[in-house]
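Coordinates in review
Spelled out, the chains give:
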Amino acid sequence: MATTQQTSFDIIVIGAGPAGLGFARALEGTGLEVALVETQSEEVLASPPEDGRDIALTHTSEAIMREAGMWAHIPADEIGTIRDARVLNGSSPFALHFAARKAGADYLGRIVPNHLIRRAAYEVVRGQQGISLLTESEVVDVATDTARGHVTLKDGRRLDAALIVAADSRFSATRRRMGIAADSTDFGRTVIVCEMRHELGHEDTAYECFHYDRTLAILPMYGLKSSVVVTLPTARAGEVMAMAPEAFAADIAARFDMRLGRMELVTERHAYPLVGVLARRFVANRFALIGDAAVGMHPVTAHGYNLGLSGAALLAGELRKAQSTGREIGDMAALGAYEAAHRRAVLPLYHGTNALVRLFTDDRPPARLLRDAALRLGNFLPPVKSRILRQLTHIESHARQP
Ligand SMILES: Cc1cc2nc3c(=O)[nH]c(=O)nc-3n(C[C@H](O)[C@H](O)[C@H](O)COP(=O)(O)OP(=O)(O)OC[C@H]3O[C@@H](n4cnc5c(N)ncnc54)[C@H](O)[C@@H]3O)c2cc1C
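Small disclaimer: the values here were computed from a predicted structure and weren't measured.

Re the overall build of the protein chain
Broken down by element type, the protein chain carries 11 helices and 20 strands. Considering only residue pairs separated by 6 or more positions, the protein chain has 76% of its internal contacts joining residues 24 or more positions apart. For the protein chain, the exposed surface amounts to about 17,100 Å²; the carbon and sulfur share of it is 53%.

Overview of the sheet that holds strand β7 (residues 109–113)
The antiparallel open sheet is built from 3 strands, whose spatial order is β3-β7-β4. Edge positions in the open sheet fall to β3 (54–57) and β4 (80–82), since each of these has one partner strand only. Put simply, the sheet's adjacent strands are angled 30 degrees from each other on average, direction ignored. Direction of pairing for β4 relative to β7: antiparallel, over a ladder of 3 bridges. Residue pairing across strands places Thr-81 opposite Arg-110, the latter belonging to β7.

What to know about the packing of helix α3 (residues 59–67) against helix α8 (residues 304–324)
In contact at an axis separation of 9 Å, α3 and α8 are set at 55 degrees when each is read in the N-to-C sense. Accordingly, the angle class assigned to the pair α3 and α8 is oblique. The interaxial crossing formed by α3 with α8 has left-handed handedness. In this structure, α3 contributes Ser-61, Ile-64 and Met-65 to the contact, and α8 contributes Tyr-305, Asn-306, Leu-309, Ser-310 and Ala-313. Counted by class, the contact of α3 with α8 contains 5 nonpolar, 3 polar and no charged residues.

Considering the side chain of Ser-227
Secondary-structure assignment places Ser-227 in strand β15 (residues 225–233). Among the polar contacts listed, one links the side chain of Ser-227 to the side chain of Asp-54, at a separation of 3.0 Å. With residues near it in sequence (within four places) discarded, Ser-227 still touches Asp-54, Ile-111, Cys-194, Ala-217, Ile-218, Leu-219 and Met-221.

Quick word on the pattern of salt bridges
Counted under the stated rule, the structure contains 20 salt bridges. For Glu-199, the salt bridge identified is with Arg-262, shortest N-O distance 3.6 Å. One end of the pair, Glu-199, is in the loop between β12 (182–198) and β13 (205–211); the other, Arg-262, is in the loop between α7 (245–255) and β16 (263–265), with 63 residues separating them in the sequence. For Arg-262, a relative accessible area of 60% corresponds to the exposed category. For the salt bridge of Glu-328 with Arg-286, the shortest nitrogen-to-oxygen distance reads 3.0 Å. Of this pair, Glu-328 sits in the loop between α8 and α9 (332–360) while Arg-286 sits in the loop between β18 (283–284) and β19 (287–289), placing them 42 residues apart in sequence. Each of the salt bridges in this network shares a partner with another, and the network as a whole consists of Glu-62, Arg-66 and Arg-110.

A look at unusual backbone geometry
One non-glycine residue, Ser-169, lies in the positive phi region at around 85 degrees. Relative to the helices and strands, Ser-169 is located in the loop between β11 (158–166) and α5 (173–177). A relative accessible area of 35% means that Ser-169 is categorised as partly exposed. With phi around 55 degrees, Asp-257 is a residue other than glycine that occupies positive phi space. Mapped onto the elements, Asp-257 comes out in the loop between α7 and β16. Relative accessible area serves as the criterion here: at 55%, Asp-257 is assigned to the exposed category.

Quick look at the packing of aromatic side chains
Scanning the entire structure with this criterion turns up 1 aromatic pair. A centroid spacing of 5.0 Å and a plane angle of 75 degrees characterise the contact between Tyr-207 and Phe-256, whose relative ring orientation is edge-to-face. Of the two residues, Tyr-207 sits in strand β13 while Phe-256 sits in the loop between α7 and β16, which places them 49 residues apart along the sequence. Neither residue differs from the other here; Tyr-207 and Phe-256 are each classed as buried. The ring of Tyr-107 carries Arg-110 above its face, with NZ or CZ at 4.0 Å from the centroid. The ring of Phe-248 has Arg-269 lying over it, and the distance from NZ or CZ to the ring centre is 4.7 Å.

Some words on the pairing of β11
Across a regular strand the side chains alternate sides, sitting on one face of the sheet and then on the other. With 8 of 9 residues buried, β11 lies mostly within the body of the structure. Across 6 bridges, the pairing between strand β1 (residues 8–14) and β11 is parallel. Its bridge partner being in β11, Ser-8 is matched across the sheet by Asp-160. Alignment of strand β10 (residues 149–153) against β11, held across 4 bridges, turns out to be antiparallel. Considered in β11, the bridge of His-150 is made with Asp-160. In terms of strand pairing, β11 meets β19 through 3 bridges, oriented parallel. Bridge pairing in β19 places Ile-164 opposite Phe-287.

Regarding the site of the ligand
With respect to spatial proximity, 30 residues lie near the ligand, and among them Glu-38, Arg-53, Ala-56, Asp-292 and Tyr-305 are the closest. In this structure, an oxygen atom belonging to the ligand sits 2.7 Å away from a side-chain N or O atom of Arg-53. Expressed as a share of its isolated accessible area of 1,000 Å², the protein-covered part of the ligand is 87%. Classifying every residue of the shell around the ligand gives 14 nonpolar, 10 polar and 6 charged.

The rules behind the values
- Residues numbered from 1 in each chain as written.
- Predicted model: local features only at pLDDT ≥ 70, side-chain atom pairs only at ≥ 80, totals over all residues.
- Heavy atoms only, no water.
- Helix = DSSP H or I, 4+ residues; strand = E, 2+ residues; numbered from the N terminus.
- Contact = heavy atoms within 4.5 Å.
- Areas by Shrake-Rupley, 256 points an atom, 1.4 Å probe, with all protein chains shown as cover.
- Pairing = 2+ DSSP bridges.
- Axes fitted to C-alpha atoms, helices over the stretch in contact; angles between N-to-C directions.
- Parallel < 35°, antiparallel > 145°, perpendicular 65-115°, else oblique.
- Left-handed = near helix turned anticlockwise from the far one by under 90°.
- Nonpolar A, V, L, I, M, F, W, Y, C, P; charged D, E, K, R; others polar.
- Polar contact = N/O pair within 3.5 Å; in protein donor to acceptor, adjacent residues only side chain to side chain.
- Salt bridge = Lys/Arg side-chain N within 4 Å of Asp/Glu carboxyl O.
- Buried < 20%, exposed > 50% of the residue type's maximum accessible area, 1.4 Å probe, protein only.
- Phe/Tyr/Trp six-rings, centres within 6.5 Å; stacked < 30°, edge-to-face > 60°.
- Lys NZ or Arg CZ within 6 Å of the ring centre and 35° of its normal.
- Near = heavy atom within 4 Å.

Following this line, the structure appears as structure tokens:
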């Protein structure tokens with residue numbers, strides 16, 4: 001990877017987060033000259049701090065990460081396996097149960113700490129030919145015309161490329177500068193995430209427990225460790241963050257009915273306010289949105305990074321097709337094909353997740369009854385369950401490079 005004085009590229013990617021790096025990696029072997037512009041320093045990209053997020057990965061994401069060489073950079077004893085998942089509604093005896101073997105798979109998905117995914121993504125892009133990394137560089141303006149896309153950096157430098165790709169988070173300033181509207185939902189809730197060690201084995205089972213005022217998700221990591229995700233009204237988050245570690249751990253163990261025995265906090269707690277964002281369009285003239293900049297998901301269904309990775313693979317696949325048929329990078333047909341395919345994948349998950357969140361965070365008695373009914377129906381309506389199971393365990397074809 002070169003740090004460079006060059007100012008003209010084939011593609012400029014704004015943001016070297018997991019989506020931006022994943023997209024750059026998916027362009028490997030195309031011969032395209034790609035600038036990755038990122039506000040953070042290279043030291044932080046090389047060694048990202050632990051951020052409390054543990055990312056549940058679908059089979060498609062694992063396949064993409066293996067093919068990209070990222071998987072080999074993640075220590076084996078940091079990769080957890082989710083074989084079963086159960087959804088519980090308060091003290092109701094009905095649980096929605098997803099078992100990998102029902103989908104003919106050995107497991108539903110993997111779980112890996114986010115900072116290790118980011119580090120692995122940097123490691124594989126670092127040595128990649130054609131990539132120029134511009135760190136500690138903030139994009140402050142962007143525009144496109146019929147011939148090129150133009151980017152201005154905070155230090156006054158101007159860059160241009162045939163295509164600009166924005167991967168600058170769900171609060172993407174680039175999206176706004178390009179005049180692309182987005183619908184956002186502020187859930188009025190905050191998620192607190194951390195890792196905890198426990199006495200008893202988790203049997204590779206993930207739990208999502210809807211406890212009226214708060215939701216508790218416990219995801220099985222490697223060994224006697226789980227990722228803990230507490231979702232609660234934002235007004236109560238400060239008080240939970242301020243609890244002494246021992247009191248917090250005892251509270252989580254009790255709320256989980258001591259299923260894992262005694263629990264101990266082993267990382268910091270991190271709080272994230274919950275806002276879902278869906279861009280009205282994913283592309284414009286010589287411009288595309290990927291990652292959270294295209295769709296920022298509520299984390300309850302664990303799809304944000306998975307969609308970021310598959311969207312990046314889709315866009316790279318369309319650009320490869322354009323190249324192989326002699327069309328230009330930035331060609332609107334390729335961008336349109338990406339938009340259509342990614343929207344088809346995103347829309348049901350985005351709206352389905354938001355509907356689930358509304359149903360399971362409504363405390364009124366009719367909603368509680370509806371939740372019970374939904375869990376029973378979910379268990380007894382095979383098409384609903386098999387669709388979710390397929391989504392997790394089926395490997396999408398765009399995971400493979402053409
Ligand atoms: C608590 C939590 C749990 C989650 N769990 C899961 C899960 O289990 N499974 C899953 O698939 N997903 C999960 N996600 C979602 C996942 O973390 C995100 O989808 C993913 O990190 C988004 O990556 P990104 O690269 O699109 O954006 P970001 O990670 O936000 O990166 C954006 C990058 O752009 C840079 N940038 C911004 N503006 C500029 C600018 N003007 N100039 C230059 N650079 C700029 C930033 O510095 C940053 O590096 C979770 C999220 C949260 C909050």
